[in-house]
Each structure stands twice: as C-alpha cells, then as structure tokens.
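# Per-entry structural report
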Amino acid sequence: MAKLVLAGRAGCPQYARAELLADYLQANLPDFSVHKVVQHPDTWENYYGITSMKLTEEILEIAEENLQAHMESEKEQEEIRSLINPLQIWITSASAPTCYQLIPLLASGDVFGMTTEISIHLLDAVQSKECLSGIVMEVEDMAFPLLRGISGHTEIDKAFLQADVIIVPDDTILERDTQTLENCIRAMSEICQVYAPLIEKNAKSGVRIISAGKTFVNLKAMMIITYGPSIKPENVIAVATSWESASKAMLARKLSMNTAGVKDVIVWGNISGCMYIDLSHAKVYRCDSAIWGPANFSRPLLNLIHDSKWINSEFMSAQSSSSSRVCHYAGILPAHAVATALRYWFHGSPPGEIVSMGIFSEGQFCIPEGIVFSMPVRFQNGSWEVVTELEINEKTQEVLDRLSYDLIQEKCIALKEIKEMRPYRADKITTKKDLCQEMEAFPTGSV
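A quick note: this is a predicted structure, and the numbers were derived from the prediction, not measured.

Moving on to the overall build of the protein chain. If you tally the helices and strands in the protein chain, you get 14 helices and 16 strands. In the protein chain, buried positions account for 48% of the 447 residues. The contacts in the protein chain between residues at least 6 apart in sequence include a share of 71% that link residues at least 24 apart. Accessible area for the protein chain stands at about 22700 Å²; split by element, carbon and sulfur atoms hold 52% of it.

In structure tokens:
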C-alpha cells in the first residue's frame, strides 16, 4: 500500500493543490492513503519557512477554506481541552515513604473514582530535588490512565497553585529524637505559618486539607486553620484511620475473625499523642459464635470479648505504641489511611458506620472549642458531620477532659503564648472541674 504524508500551512495555495490531488488519488486508488499535517501559517513560517508564489484564483479559495477549517478545528480542540479539568493534588514532604506508597493509590482511581483524572504535585525541600525527579520518572513509567501529570516542586512561593486537595504528612525536618518537645512543636508551628498563607493565596477556595503522619497530626491541622483565617475549618481534617484500623485488626485477631467485621471503634483525642480507643460502641458482624444472624446482624463487641484484663492492659498498651509501628511499615499503613479518608470525603463513608477523624471542635461532647480533636464522624455528600447522638458515659467524658488538656498544652506552646509550661500532672486531673482549674493557669485566650 502506498502511504503519503502531506504537510503544509493552512493558507498555502500549493498545499491546497496538492491536497486536491491527494484526495483524488485516495478516492480512486484502493491501495493509496494520505495523512495530512496542517500547520497554522505562523507556525509553518517559524519552523519550515517554505512558501510558493504561484497562485491561481481557485487555489486561493481552497487555501482560504483550509485556513478557516484549521482555525475552527483548533478552536474545537481548545474547547475540548478546557473541559478536561483534572483534580489538582499537592503532597508536602513528598520524599517521605508515605508519599511513595500513596501515589499509586491516588492514581489508580480507587480514591476519587474511575472517571476522575488527577494531577499530582510533589513539594519538598531543595535537597530532595533529585529524589522527587526519581519519583516523577517512576510514576510516569507506570502510565496510569487517570494521571494527567506529575511534577516535583522545590520553590515554596509557587506551592499549592490551584490545589483541590492538599496532603500534609510528616515533615522530614522534624527529628523528635534530637529535639525537645517544645522545639518540635514550635518548628511545626513555623511550617504551618508558611503553608497557611500560601494555601489562602494559591489554592482554590474549597481546597480540602488532610493532616497525616505520626507526629503532631492534630496540631498541624489546627495551626493551618489558625494561620489561614480564610480557610474553612470544615475543610481541614486530621487522619485517625491508621490507629482505628490497627485497633480493629487486633480485636479481630483476638476473636479469630476477619477485620472487616469489626465496626464503630472510636479514636478520641490527640491522634499522635494522648488518645483513647473507645470500644463501648463497637459492633461485630459475621463472628463465628453461638449466635448467628443475617449479614446485617451485629453484636456489641464487649459482649464477645470477656477478658477485661486483656482490654485494659495488652490492648490499650499496644495502641499507645501504634505510632512506632506505623513508622516501621515504610509508609504503607499511613498511606492507606490517607487514601481511605479521601475516599470517604469524596464518596461517603459506609452507610451506618462511624469513622474517627480529627476535626475542629465547636464544643461537641463538651470538648473545648478551638482545638482539633479526634471524634466520631460520618461522611456524606462531600462533607462530614459529627455523630453527636452517641451517648457518652461518665468515665469516657472524664477521659475526654484529660485528652483536651494534652491538645491545649500543644496549642499554647505552638502559639508561644506562655514562656514556660508547667508539668502536666495527669494523675491530678480526674474531673472536668480539675481540668478547668488547670486551665486557669493559662493566659486568657490561650484556648
């Protein structure tokens, strides 16, 4: 078969003449095909510079038609491109293992949907530029159909441009082993002081921000809200899913059942600090026991685990070391937690189930306002709501009061509103009254 490539500028009479001949040959010869490459006159002159001055009236008319058709085609293609509006996702500290594990989850379509295209922007310090380039090349080689683009960024002033989603995992500059608690908190606060104004300036007004990782998860979310007054508090959450799923897995092993059958385990408080795993509302489905029922039949978890000593000792102590387990899993568990939180946020959490997220408190469950506190929520229609109808017993309420103090203390250090922190004596705080007395020692407005 004869194949001909015909190239020329859209307004060229000689191209029009050649096009007429090519069309005639293609229509009359079964083994002849032509591929046309038409360039705008300006483009043709810049790159090729080949012209002809042999003009006829008929050829000039055809050339003008070619030019009009080409311009209309370009306009149509531009309109089509404008309809393709991928979700812009920014990830800070992108050289960290969590980001490496997270990207395939985001690009696969499982998080945002199989019809939603995304663009990923990786942000990190200049010294991580080579690492970012390596990640970009590797992800490009994977050829995800829904990934419109991936890029690395080290210029902080251009961060978060047109962002729809911002994921803030652990920042690699924080070395808890070599710094005091106060210095780590203040360093985190300074990072958020940089991020928040840039988010306000560069990101979309409805940007959704996820704080994740194993250090100061609640604090990061609260500081972004504090230093970015135009950022909607309901658009910032702290991810507690790692600890929630780890707790479910341990409970499932105790009951010799599948983890998916354990529901409504609640993580209260400071996700990366003092937290409380609440089993009083937890349910178990499809458990191999003396009582069976349909798929939607559930039983209270505490009715099936009769070992209160195990719960109060081994189970609770294991949860207190969750953060150390998370950091040894090369980012797999925290990456999955972020992906799960985003999927819930965009598509809703499982109907009837409770999930735990750190959200900006408005006084629910008598938790002080102005701190980010992990509590039970439901996701629906692109937003979340606190499950305020839950009944909280007196013991749990006392625990929540203690956990509040931990977060208030972090906030005070971060905002530099006190020069010297008094030691936290958890054994002296057993009621909300005790907490209020402790809080009186803080300057007005610190909470």
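Further notes follow.
Another point: the nonpolar core. For soluble globular proteins, the rule of thumb is that nonpolar side chains tend to be buried together. By size, the foremost hydrophobic cluster in this structure holds 59 residues, and its most contacted members are L106, L122 and W268. With eight residues, helix α12 (residues 332-347) is the single largest residue contributor to this core. Residues in contact with L106, not counting those within four places in the same chain, are I89, I91, V111, F112, I118, I167 and L342. Residues I225, V265, I311 and A414 belong to the second largest nonpolar core, which totals 55 residues.

With burial as the criterion, each face of strand β6 (residues 165-168) is covered, one bearing V165 and I167 and the other bearing I166 and V168. Sheet topology places β6 next to strand β7 (residues 208-211); four bridges connect them, and they run parallel. For I166, the partnering residue across the bridge sits in β7 and is I209.

Right, let's talk about empty space enclosed by the protein for a bit. Scanning the model with the defined rule gives two cavities of 30 Å³ or more in all. The space that makes up the largest cavity amounts to roughly 40 Å³. Around the largest cavity, the lining residues are N218, L219, M222, I371, V372, L407, E410 and K411. When residues of the lining of the largest cavity are traced back to their parent elements, those giving at least two are α7 (217-227) and α13 (394-414). The space that makes up the second largest cavity amounts to roughly 30 Å³. If you trace the second largest cavity, you find it lined by A212, G213, V239, S242, W243, P334, A337 and V338. Counting only elements with at least two residues in the lining of the second largest cavity, the list comes to α8 (241-255) and α12. Among the elements that line the lining of the second largest cavity, the one with the most residues is α12, at three residues.

Below, the discussion takes up the pattern of salt bridges. Per the stated rule, a full pass over the model turns up seven salt bridges. E353 is paired through a salt bridge with K263; the nearest N and O atoms lie 3.1 Å apart. You can see E353 sitting in the loop between α12 and β14 (355-360) and its partner K263 sitting in strand β9 (residues 262-263), a full 90 residues away along the chain. The exposure class assigned to E353 is buried, which follows from its relative accessible area of 15%.

This next bit is on the sheet that holds strand β13 (residues 298-300). Reading across from one edge, β9-β12-β13 is the order of the three strands in this open sheet, with antiparallel pairing throughout. What marks the edges here is a single partner per strand, and that holds for β9 and β13.

So, about the confidence of the model for the protein chain. On average, residues of the protein chain score 81 in pLDDT, and 81% of them are at 70 or above. This stretch, residues 322-328, has a pLDDT under 50; its non-local contacts, to residues over four places away or in other chains, come to ten contacts. Between residues 417-447, whose pLDDT stays under 50, and residues either more than four places distant or in other chains, the model counts 46 contacts.

Only one face of strand β16 (residues 383-386) is covered, namely the one carrying W384 and V386; the face carrying S383 and E385 has none of its residues buried. Both strand β15 (residues 372-380) and β16 contribute to a ladder of four bridges, which runs antiparallel. Looking at the pairing, F379 lines up with W384 of β16. Taking the residues that link successive antiparallel strands as the turn, the β15-β16 hairpin has two residues, and the phi of N381 there is positive, at about 55°.

The next thing to look at is the environment of K129. One can find K129 in helix α5 (residues 129-142). On the accessibility criterion, K129 (52% relative accessible area) is exposed. With 25 residues separating them in the primary sequence, K129 and T154 have C-alpha atoms 6.8 Å apart.

Now for the packing of helix α4 (residues 97-107) against α12. Relative to each other, α4 and α12 sit at 40°, their axes nearing to 8 Å. Taken together, the axes of α4 and α12 are oblique relative to one another. The two elements α4 and α12 meet at a crossing, and its hand is right-handed. Between α4, through T98, Q101, L102, L105 and L106, and α12, the contact on the second element is made entirely by I332, P334, A335, H336, V338, A339 and L342. Tallied by class, the residues present in the contact of α4 with α12 amount to nine nonpolar, three polar and no charged.

It is worth spelling out unusual backbone geometry at this point. Despite not being glycine, S93 shows a phi value in the positive range, around 50°. Relative to the assigned elements, S93 resides in the loop between β3 (87-91) and α4. With relative accessibility at 4%, the residue S93 sits in the buried group. A positive phi angle, close to 60°, is found at C366, a residue other than glycine.

The rules behind each value
- Each chain carries its own residue numbering, running from 1 in the written order of its sequence.
- Local features in a predicted model are, by the rule used here, given only for residues with pLDDT of at least 70; side-chain atom pairs are given and counted only at 80 or more, and totals for whole chains, interfaces and linings are based on all residues.
- To obtain the side-chain values, all non-hydrogen atoms of the structure were included, while hydrogens and water were left out.
- Every helix listed is a DSSP run of H or I at least four residues long, and every strand listed is a run of E at least two residues long, numbered separately from the N terminus.
- Exposure classes here rest on a 1.4 Å probe applied to the protein chains alone. A residue is buried below 20% of its type maximum, exposed above 50%, and partly exposed in between.
- Contacts were defined at the residue level, with two residues in contact if any of their heavy atoms lie within 4.5 Å.
- All accessibility values rest on the Shrake-Rupley procedure with a 1.4 Å probe; residue burial counts only the protein chains present in the view.
- As used in this record, nonpolar core signifies buried Ala, Val, Leu, Ile, Met, Phe, Trp, Tyr and Cys residues forming a set joined through side-chain atoms within 4.5 Å.
- One requirement defines pairing of two strands: DSSP has to find at least two bridges between them.
- Lining residues are those with an atom within 4 Å of a point, where the points come from a 1 Å grid over the protein atoms alone and group into cavities, where a 1.4 Å probe fits but cannot get out, or pockets, open sets with protein on both sides within 12 Å along at least five of seven lines.
- Grid points are joined across faces, edges and corners, and a volume is the space filled by probe spheres set on the points.
- A pairing counts as a salt bridge when a side-chain nitrogen of Lys or Arg comes within 4 Å of a carboxyl oxygen of Asp or Glu.
- For every residue, the predictor reports its confidence as pLDDT, a number between 0 and 100.
- Interaxial angle, 0 to 180 degrees, is taken between N-to-C directions of lines fitted to C-alpha atoms, where a helix line uses only the stretch in contact.
- Small angles under 35 degrees read as roughly parallel and large ones over 145 as roughly antiparallel, with 65 to 115 read as roughly perpendicular and the rest as oblique.
- By convention, the crossing between two helices is left-handed when the near helix turns anticlockwise from the far helix through less than a right angle, and right-handed when the turn is clockwise.
- The nonpolar class holds Ala, Val, Leu, Ile, Met, Phe, Trp, Tyr, Cys and Pro. Asp, Glu, Lys and Arg form the charged class, and all remaining residues, Gly among them, are polar.

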